[in-house]
Amino acid sequence: MAYGPGYAVDVDVDRITGAGFKVSSIGGAQVVQVTDKLADVVDDYAYFSQRRAQLKSLFRPDLFWIK
């Protein structure tokens, strides 16, 4: 998941990394890695979905359109 400069205030890097997610800064955006392997989206969707829900819980409740 990538968050551009407009969302910088919403990305609490310490909280997100403390929960076990990797965060990197690329070209002014904060990139948060949901799982260690991109292939998890296809190979282990249940795990990916669980991690995504955990990550979303670390942001303010009204940030994401899809609940």
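Source: prediction; values computed, not measured.

Cut-offs and rules
- Residues numbered from 1 in each chain as written.
- Predicted model: local features only at pLDDT ≥ 70, side-chain atom pairs only at ≥ 80, totals over all residues.
- Heavy atoms only, no water.
- Pairing = 2+ DSSP bridges.
- Helix = DSSP H or I, 4+ residues; strand = E, 2+ residues; numbered from the N terminus.
- Salt bridge = Lys/Arg side-chain N within 4 Å of Asp/Glu carboxyl O.
- Buried < 20%, exposed > 50% of the residue type's maximum accessible area, 1.4 Å probe, protein only.

Chemist: Which residues make up the sheet that holds strand β1 (residues 2-3), and what are the values?
Modeler: One open sheet holds the three strands; their spatial order is β1-β3-β2, and the pairing between them is antiparallel. Edge positions in the sheet fall to β1 and β2 (22-26), since each has one partner strand and no second. In terms of strand pairing, β2 meets strand β3 (residues 29-33) through five bridges, oriented antiparallel. Residue pairing across strands places S24 opposite V31, the latter belonging to β3.

Chemist: Help me get a handle on the pattern of salt bridges, residues and values and all.
Modeler: Tallying each qualifying case throughout the model produces four salt bridges. The salt bridge partner of K22 is D36, with a shortest N-O separation of 3.6 Å. With K22 in strand β2 and D36 in the loop between β3 and α2 (40-43), this residue pair connects regions lying 14 residues apart in the sequence. Accessibility expressed as a relative area gives 49% for K22, which makes it partly exposed. Given a relative accessible area of 60%, D36 falls into the exposed group. One salt bridge connects R60 with D62, and the closest N-O pair in it is separated by 3.0 Å. Three or more residues joined by partner-sharing salt bridges are found here, namely D10, R60 and D62.

Worth remembering: the numbers are spatial, not functional.
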